[in-house]
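# Structural description and commentary
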Amino acid sequence: MNAMGGMLIPMLGEILDQCENDREVRCVAITGAGRGFCAGGDVRGMQARNDGPPGRAERADSNPVARMVSSLERNTELLRGWHDATSLRLHTMGKPTVALVNGVAVGAGFSVALACDIRIASERARFGTAFRNVGLSGDFGGSYLLPRIIGSGRAREMYFTAEIIDAQRSLELGIANRVVAHDDLLPAGLEFCAKLAAGPTATYGRMKKNLNLGETATFAEVLDHEALMMRLSGLSADSREAVRAFVEKREPSFIGE
């Protein structure tokens, strides 16, 4: 179920880094291997760590408070790095990111799906925060992203109750942009991504900057930023081609620049 244990998150971070920096990649699609998108944290791995002996650095320090602080700092820094490499990158990279949710997406897996620009869900998709079920507060950006999609009250309810919602309910709440038949998810989802990839992808990146800024900035600040992005877009090769195509009554051919 693609639980976030072992090398899964570091590998995902490396692949997303490659996608972000490869100019040939103009849209990023992420889906789950097998029957689920992501089951969240590796709970069995958590149990093994809880029951295991202390690490070498912890054994070497005789002060229990210092050991606890040192361990907390190391683990917090590690988790923060994973956040940056995955959810933050999906949310901010200058090209569209699309989650093709083929099954269960809960906990941190739900957060990763929320970090994508667009979510296309199979009719078998299920969504939930799940953190309360293991006594955890939540990570990978869900507490920032979910309230902005469904509102504060509903987001708090999902966090506090860990209710699992189905694909249709996710569509009603705005979590899923589209719901498709399970067997059509990859063909339809990748066709959608291909259309985005054929568009003015550098301009999409500027749109994302505007939209992301709009989540926290004032109206005046967003207007300032829109003005700058608009002028930069007007200088782009894709904008010049689109204007030319409009005058010539043909479809534009975008190159992503």
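Preceding this section is the structure that the text describes.
Let me sum up the structure you'll find in this document. Everything numeric in this text was worked out from a predicted model, so none of it was measured.

Okay, the nonpolar core next. Residues Phe37, Val101, Phe127, Leu146 and Ile175 are the most contacted members of the largest nonpolar core, which totals 38 residues. Those elements that place two or more of their residues in this core are helix H1 (8–21), strand S1 (28–31), strand S2 (97–101), helix H5 (108–115), helix H6 (142–150), helix H7 (152–161) and helix H8 (167–173). Here the element with the most residues in this core is H5; it accounts for six residues. Leaving out residues up to four positions away in the same chain, Ile175 has contacts with Phe110, Leu114, Arg119, Phe127, Leu146, Ile149, Ile150, Met158, Ile165 and Ser170.

What follows covers the pattern of salt bridges. Considering all chains together, one arrives at nine salt bridges under this definition. Note that Arg89 is salt-bridged to Asp17, the shortest N-O span being 3.2 Å. Of this pair, Arg89 sits in helix H4 (residues 64–92) while Asp17 sits in helix H1; the two residues are 72 residues apart in sequence, bridging distant segments of the chain. Taking the relative accessible area as the measure of exposure, Arg89 reaches 18% and is therefore buried. Glu20 is paired through a salt bridge with Arg89; the nearest N and O atoms lie 2.7 Å apart. Of the two residues, Glu20 is situated in helix H1 and Arg89 in helix H4; the sequence distance between them amounts to 69 residues. Linked through salt bridges whose partners overlap, the residues forming this network are Glu241, Arg244, Glu248 and Arg250.

Paired through backbone hydrogen bonds, the strands of a sheet run either parallel or antiparallel to each other. Strand order across the open sheet formed by four strands is S1-S2-S4-S7, with parallel pairing between neighbours. Whereas interior strands pair on both sides, the edge strands pair on one side only; in this sheet they are S1 and strand S7 (178–180). This sheet shows a mean twist of 20 degrees between the axes of neighbouring strands, independent of strand direction. Where strand S4 (residues 118–122) meets S7, three bridges bridge the pair, whose relative direction is parallel.

Cut-offs and rules
- Residues numbered from 1 in each chain as written.
- Predicted model: local features only at pLDDT ≥ 70, side-chain atom pairs only at ≥ 80, totals over all residues.
- Heavy atoms only, no water.
- Core = buried A, V, L, I, M, F, W, Y, C linked by side-chain atoms within 4.5 Å.
- Buried < 20%, exposed > 50% of the residue type's maximum accessible area, 1.4 Å probe, protein only.
- Helix = DSSP H or I, 4+ residues; strand = E, 2+ residues; numbered from the N terminus.
- Contact = heavy atoms within 4.5 Å.
- Salt bridge = Lys/Arg side-chain N within 4 Å of Asp/Glu carboxyl O.
- Pairing = 2+ DSSP bridges.
- Axes fitted to C-alpha atoms, helices over the stretch in contact; angles between N-to-C directions.

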